[in-house]
Amino acid sequence: MPEPALDQPAVRVRDLRKTFIVSEREAGAAAALRGLLRRSTREVAAVDGVSFELAPGEIVGFLGPNGAGKTTTLKMLSGLLHPTSGQVSVLGHYPYRREKEFLRRITLVMGQRAQLVWDIPASDSFELNRAIYRIPRADFRRTLDELAALLDLGPLLPKPVRQLSLGERMKCEIAAALLHRPKVVFLDEPTIGLDVTMQRRIRSFLIDYNRRFGATILLTSHYMADVEALCRRVLVIHHGTLRFDGELAALVQRFTAHKTIVVRVEDPAADLGAYGEVVSSEDGAVTLRVPRENTARVTERLLADLEVVDLTVEDPPIEEVIESVFAEPRA
């Protein structure tokens, strides 16, 4: 099947739903006996009417708290789960059919799941993936050399996976998932548990992979640094429903009613409480929270009233913005 045109979405989701049937039982021996004869169940909507599209080559953040429906959505997009209702297509394929051509063109990387064989060298697991995807040896060698250079895998390839650190193993997991050069990459918490340095390296690698191969990437992460570094656009899901779809900057604009002013003044004893809510005062820098519509006026007052050494106006941290989305009552 040919690649989708640049003006056609790589991923299209329409009113996607996934409902699970969950057993319920009261505590106690009597309830256990009743459950043997008649089991009580209820329906849980893990994903409830989600719709969005991803353009070819786009990197999009998929955000939400635990249990929001992120992983369930990714599993439906990759064909591991069959939707209860709705429509989903990836590169023109219906994922739940699990066609060979579809599987050759996508990958799913889950930070809490391992695909490498624990007791053999990472290079042997890579060779196994080559056989599974029937990658021509010359292409495999070329791709592996590129990935090894980008991720600095050389010293890790001969080591048994069980001897690798978490960061080293995660690099190898990502390389294994990309050996067949997928055009759509689903990443579920790819930097979970990694130190700051390793997170930064993984992010740089993903940017480079996207640039080189034009891959579409849908990323879930609890690390807002991942999202800010990689994603211009974000989807926010909560209680199985999509709460926001747009640019990260627009998310900040929509869900925050204030800005942050960080100011240093000549007089360290000056009381700045009259200009806004004092959030913190550290090393001579005072952080004020002010209503967004009053930012210009407060800044003008500070400059007119005080001997200002330095002043910056910032949006609130993205973590705070996301929390404000999650705090909204369920529709």
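Attention in this report is confined to the structure presented alongside it. (Residues numbered from 1 in each chain as written. Predicted model: local features only at pLDDT ≥ 70, side-chain atom pairs only at ≥ 80, totals over all residues. Heavy atoms only, no water.)

Leaving glycine out, the prevailing phi sign among residues is negative, and the prevailing peptide bond configuration is trans. Within the chain, Asp152 stands out as a residue other than glycine whose phi angle is a positive 55°. Checked against the element boundaries, Asp152 lands in the loop between helix H5 (137-151) and helix H6 (166-178). The phi torsion at Glu189 lies on the positive side, around 55°, for a residue other than glycine. When its relative accessible area of 8% is taken as the criterion, Glu189 is described as buried. (Helix = DSSP H or I, 4+ residues; strand = E, 2+ residues; numbered from the N terminus. Buried < 20%, exposed > 50% of the residue type's maximum accessible area, 1.4 Å probe, protein only.)

The buried count for helix H2 (residues 70-77) comes to six of eight residues, which makes it a mostly enclosed element. Of all the positions in H2, only Lys70, Thr72, Thr73, Leu74, Met76 and Leu77 are classed as buried.

For the α-helix, the turn length of 3.6 residues means that residues three or four positions removed from each other point alike. All buried positions along helix H9 (residues 248-255) are accounted for by Leu248, Leu251, Val252 and Phe255. Here the buried residues of H9 occupy an arc of 100° about the axis, which is enough to place them on one side. Those residues of H9 that are exposed and angled more than 90 degrees off the buried face are Ala249 and Arg254. Buried residues in H9 make contact with helix H8 (224-230), strand E8 (233-238), strand E9 (241-247) and helix H11 (318-326). (Arc of directions from axis to C-beta. Contact = heavy atoms within 4.5 Å.)

Strand E7 (residues 216-220) sits mainly inside the fold: five of its five residues count as buried. Neither face of E7 is exposed, since Thr216, Leu218 and Thr220 on one face and Ile217 and Leu219 on the opposite face are all buried. With three bridges connecting them, strand E3 (residues 59-63) and E7 associate as parallel partners. Bridge pairing in E7 places Val60 opposite Leu218. Pairing of strand E6 (residues 184-188) with E7, which is carried by five bridges, proceeds in the parallel orientation. In the strand pairing of E7, Phe186 is matched with Leu218. Since E6 and E7 lie parallel, the crossover through helix H7 (residues 196-213) that links them has a hand, and here it is right-handed. (Pairing = 2+ DSSP bridges. Right-handed = clockwise from strand over helix to strand, strands pointing away.)

Here the focus is the side chain of Lys171. Relative to the helices and strands, Lys171 is located in helix H6. In this structure Lys171 is buried but unpaired, with Asp152 as the nearest side chain of opposite charge at 4.9 Å. For Lys171, the residues in contact, after removing those within four places along its chain, are Leu151, Asp152, Leu153, Leu156, Met198, Arg201 and Ile202. (Lys, Arg positive; Asp, Glu negative; His and termini not counted. Salt bridge = Lys/Arg side-chain N within 4 Å of Asp/Glu carboxyl O.)

Turning our attention to the sheet that holds strand E4 (residues 85-90). What links the strands of a sheet is backbone hydrogen bonding, and the strands pair in either a parallel or an antiparallel sense. Read from one edge of the open sheet, three strands run E2-E1-E4, paired in antiparallel fashion. The open sheet has two edge strands, strand E2 (40-54) and E4, and neither has a second partner. The average angle at which neighbouring strand axes cross in this sheet is 30°, direction not considered. Of the strand pairs in this sheet, strand E1 (residues 11-24) and E4 are connected by five bridges, and their pairing is antiparallel. Its bridge partner lying in E4, Val13 is registered against Val88. (Axes fitted to C-alpha atoms, helices over the stretch in contact; angles between N-to-C directions.)

The next thing to look at is the packing of aromatic side chains. Each aromatic ring pair is summarised here by two numbers: the centre-to-centre distance and the angle between the ring planes. This structure, assessed with the given rule, holds five aromatic pairs. Ring geometry for Phe52 against Phe62: centres 6.2 Å apart, planes inclined by 50°, an arrangement best described as tilted. Separated by ten residues along the polypeptide, Phe52 in strand E2 and Phe62 in strand E3 bring together distant segments of the chain. The class for Phe52 is buried, based on a relative accessible area of 3%. For Phe62, a relative accessible area of 0% puts it in the buried group. Aromatic side chains Tyr209 and Phe213 sit 4.7 Å apart centroid to centroid with 55° between the ring planes, which places their arrangement in the tilted category. With Tyr209 and Phe213 both in helix H7, this residue pair falls four residues apart, about one helical turn. Connected via pairs of aromatic rings, a cluster forms that spans Phe205, Tyr209 and Phe213. (Phe/Tyr/Trp six-rings, centres within 6.5 Å; stacked < 30°, edge-to-face > 60°.)

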